[in-house]
Amino acid sequence: MKTDLREFLKNSPFTILDGAFGTNVLIKYPENYDSIELFNFRDEDLVFDIHKSYVDAGSDIISANTFSANRFKLKPKGYSVDAVVEKALSIARRAGAKYAALDIGPLGGLLKPFGDMTFSDAYDAFREIVLAGARHGADLVYFETFSDLSELKIGVLAAKENTDLPVFATMTFEANNKTFIGVSAAAAALTLDGLGIDAFGLNCSSGPAAMLPIVEEIAAHTNLPIIAKANAGIPEFTDGKSVYGMTPEEFARSLESLIDAGATLVGGCCGTDARFIREIKSLLSRKKPAVRDENKGTFLASRSRVVSIDDNFTVIGERLNPTGKPALKKALIERDAEFLIAEARAQLKAGADVIDINSGIFEVDERKTLTFIAETFNGVIDAPFCLDSSEPEALESAARITGGLPLINSVNGKTENLDAVMPVAKKYGAPLICLLLDENGIPKTVGDRIRVAEKIIAFADRYGIKRKKLVFDCLTLTASAEQENVVNTLKAVRVIREKFDCNTVLGLSNVSFGLPARARVNAAFLSHALAHGLTSAILNPLDGEVMGAVDAYRVLYNKDKNSEKYIAKYKNAAKPNQADLAYGNVNFATNNTADSAVENAGFNANGNINFGESADGAHPLIGAIIKGAKDETYRIASALIQSEDGLSLINKYLIPALDAVGSMYEKGEIFLPELLTSANAAKAAFDVVREKSPKAAEVKGTVLLATVFGDVHDIGKNIAKMLLNNYGYDVIDLGKDVPVDLILKTVKENDIRLVGLSALMTTTLNNMRDTIAAIRRISDAKIMVGGAVVTKENSSLIGADYYCKDALDGVSVAKKLL
């Protein structure tokens, strides 16, 4: 009887995965390459032979030929997901697979707001695949080659909620150690570990050596088993073929550092075959798994940013709580996304590490509104969220849509509340703020508060929630009303830290309610709380006095090494005079008022458009585009065009703004979601120009874009289309998996001068070559190429005129030619 895979993983020091599939199909079928999944029917023997070669070489897990077996790719071909999955798994089992994996790749599109795919679209597609896999005997679900953490999270949820199968996941990373859209390995590992997957790592990407920093990053943040499936180096195009240069022996030697860093599930990706797996098996027979530190901290994560509550005092921005804030309340009712984003960004700029989001007003559906905020912030607010609600349904819905690992705020010591909120925290692996109150209210004594903490810890143990996931709120009392008990909050903080080694949080501003000069009281209370071991606080980061106390603490407690951040922030602060010091009028922080945030947005305090420079020196229209504020961009452009012509708007503001965003993207200061948000904002301004000054918005030229035949992925192409449109070019977009004949017909009929071709899969690089050759026979159009598998070297070998490492390069080519 076969051992359960989870037991196998637990008892085996290493697990040997298989090697490449698609690049081995290309050896037999170098021409006319079509959907790889259809080879299950067209050449079953070939699929069997590849699987069998890996089984014979020692692979424990064989990935069935189902990578792109999703409804979006198969339906146009006349095949069902169920039929392809059933056939693929049967071949893998017939080949002798010890464990047969249902292999799932990305669906091929972008999630909203950057694409057309909704959460439900993605979930339903993944659900269909995993249910088919479970029906037809898959031993595990293996998601691989993902770039978008949100899409991968949806897939994992579909697998976990509809099957009991073990779940593996790998992503593909670029030279900057982030995915194509800016996801970090640590953020992905923490988020997916929270969901309860069984192993995480990386595949494809590059050769083994370049994977080492990623493996180290994963090992530093989770205890998940780590997967490493590297390519056999970087492919070169030789004699019309993609050739990977590493030998099996070189490949295995390069894997040693990954194993020493913690990888225990090892195989190969593009360019590898059974010879590589035999070398891996030989290597692993001589190795022992790395000893990994089990004592990980309390982490939160956004798409690319990880916050450790243990390492450095964590500032949780409180300003998105509508209590006593009529403007925010109005924004929540009207779902004013730009207002909410601007408020969150102002807090991040002022020093917040985490953004608290709260929608607890009677006028809105709290569950829907909290979920709307989380979905709106995904990708554009690169900081972890603190989901703040007393409704478990709202917390669950928002945690589900959040593209990272949030902090849940909160649970308390009431039994009913514990049983309602703990399952949400467990399902998503989210750290949890625990309020030290119960059915009897807020305890007055330190001892009674600790008894509530012990009850919460007991419930956490029952639900399988680790103590490091608990962040205790010892509850700030109001000094004006309960002065004698304020000190008990500080004492409770110290006991929680010393007795339970748990992190702590306080809602800072409560202490000063009803008192004058509240900032002074808040800052003093915070300083004392920090000395008692407080590790985080929910506070107003735009309060310079409070943030000054935080910054000073980080210097005094050796958190800010060499005082570098403190010096950088305060070195230009004006020297106060004695009167200012005497009356407490000094505020050393910068950008610390609501008015300054408004000015940065390009409006004055009365809400009127300011046509002068914004606070950072840029014109408000340029600033609005850089921020990605679509509605604001439209308003400013609509006002400006009353006094300036359309061509002036384009040349003075829109193009410089897009160039500035492009420069930040190139430098790694922003990532793809921010780039797309700015592009959408710029489109709003172009719409104004087209409406009011159509002659100025005349098309500069036409570009034909297509993802080559056999490749269903069009993310990069869609981004190129958006940017080219914004720079004034017309784009004929033929879509994905485009036959050569359609490309040729379109080139001839439209007298195309520039063609852009995209490919993500190594197996379709030959199709790109053949498409270029066909275009050359009928046209002198210039051809630019891009995509994950395309390099500068192989682009020239397949006959392209220009290599574009990203969509911005495509814009540069268009500028040059058109």
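Residues numbered from 1 in each chain as written. Predicted model: local features only at pLDDT ≥ 70, side-chain atom pairs only at ≥ 80, totals over all residues. Heavy atoms only, no water.

Draft legend 1. Main features of the packing of helix α4 (residues 44–57) against helix α6 (residues 81–94). As a packed pair, α4 and α6 sit with axes 8 Å apart at the nearest point and diverge in direction by 50 degrees. As far as their axial angle goes, α6 and α4 are oblique. In the crossing of α4 with α6, the sense of the turn from one axis to the other is right-handed. Every residue of α6 that contacts α4 at Glu44, Val47, Phe48 and His51 is listed here: Lys87, Ile91, Ala92 and Arg94. Its residues assigned to classes, the contact of α4 with α6 shows four nonpolar, one polar and three charged. (Axes fitted to C-alpha atoms, helices over the stretch in contact; angles between N-to-C directions. Helix = DSSP H or I, 4+ residues; strand = E, 2+ residues; numbered from the N terminus. Parallel < 35°, antiparallel > 145°, perpendicular 65-115°, else oblique. Left-handed = near helix turned anticlockwise from the far one by under 90°. Contact = heavy atoms within 4.5 Å. Nonpolar A, V, L, I, M, F, W, Y, C, P; charged D, E, K, R; others polar.)

Draft legend 2. Structural view of the pairing of strand β15 (residues 385–388). Residues Phe385 and Leu387 of β15 are buried on one face, and the alternating residues Cys386 and Asp388, pointing to the opposite face, are buried as well. With respect to chirality, the unit in which strand β14 (residues 354–358) leads through helix α15 (residues 366–377) into the neighbouring parallel β15 is right-handed. Pairing of β15 with strand β16 (residues 407–412), which is carried by three bridges, proceeds in the parallel orientation. Note on β16: the bridge partner recorded for Leu387 is Ile408. Taken together, β15, helix α16 (residues 392–401) and β16 form a β-α-β motif whose crossover is right-handed. (Buried < 20%, exposed > 50% of the residue type's maximum accessible area, 1.4 Å probe, protein only. Right-handed = clockwise from strand over helix to strand, strands pointing away. Pairing = 2+ DSSP bridges.)

Draft legend 3. A look at the pattern of salt bridges. All chains considered together, the criterion is met by 43 salt bridges. The residue Glu161 makes a salt bridge to Lys427 at a minimum N-O spacing of 2.7 Å. Here Glu161 is found in helix α8 (residues 149–162), whereas its partner Lys427 is found in helix α17 (residues 415–428), with 266 residues between them in sequence. According to the relative accessible area criterion, Lys427 is partly exposed, its value standing at 33%. Close ionic contact of Lys427 with Glu396 constitutes a salt bridge, the shortest N to O distance being 3.5 Å. Placement of the pair is Lys427 in helix α17 and Glu396 in helix α16, with a sequence separation of 31 residues. Here Glu396 falls in the partly exposed class, since its relative accessible area comes to 23%. Within this structure, Glu161, Glu396, Arg400 and Lys427 form a network of salt bridges that share partners. (Salt bridge = Lys/Arg side-chain N within 4 Å of Asp/Glu carboxyl O.)

Draft legend 4. View of the pairing of strand β17 (residues 432–435). Side chains Leu432 and Cys434 project from β17 onto one buried face, and the interleaved Ile433 and Leu435 project onto a second face that is buried too. Sheet topology places β16 next to β17; four bridges connect them, and they run parallel. Its bridge partner lying in β17, Asn409 is registered against Ile433. For the handedness criterion, the β-α-β arrangement of β16, α17 and β17 is classed as right-handed. Running through helix α18 (residues 446–462), the crossover from β17 to the neighbouring parallel element strand β18 (residues 470–473) is right-handed.

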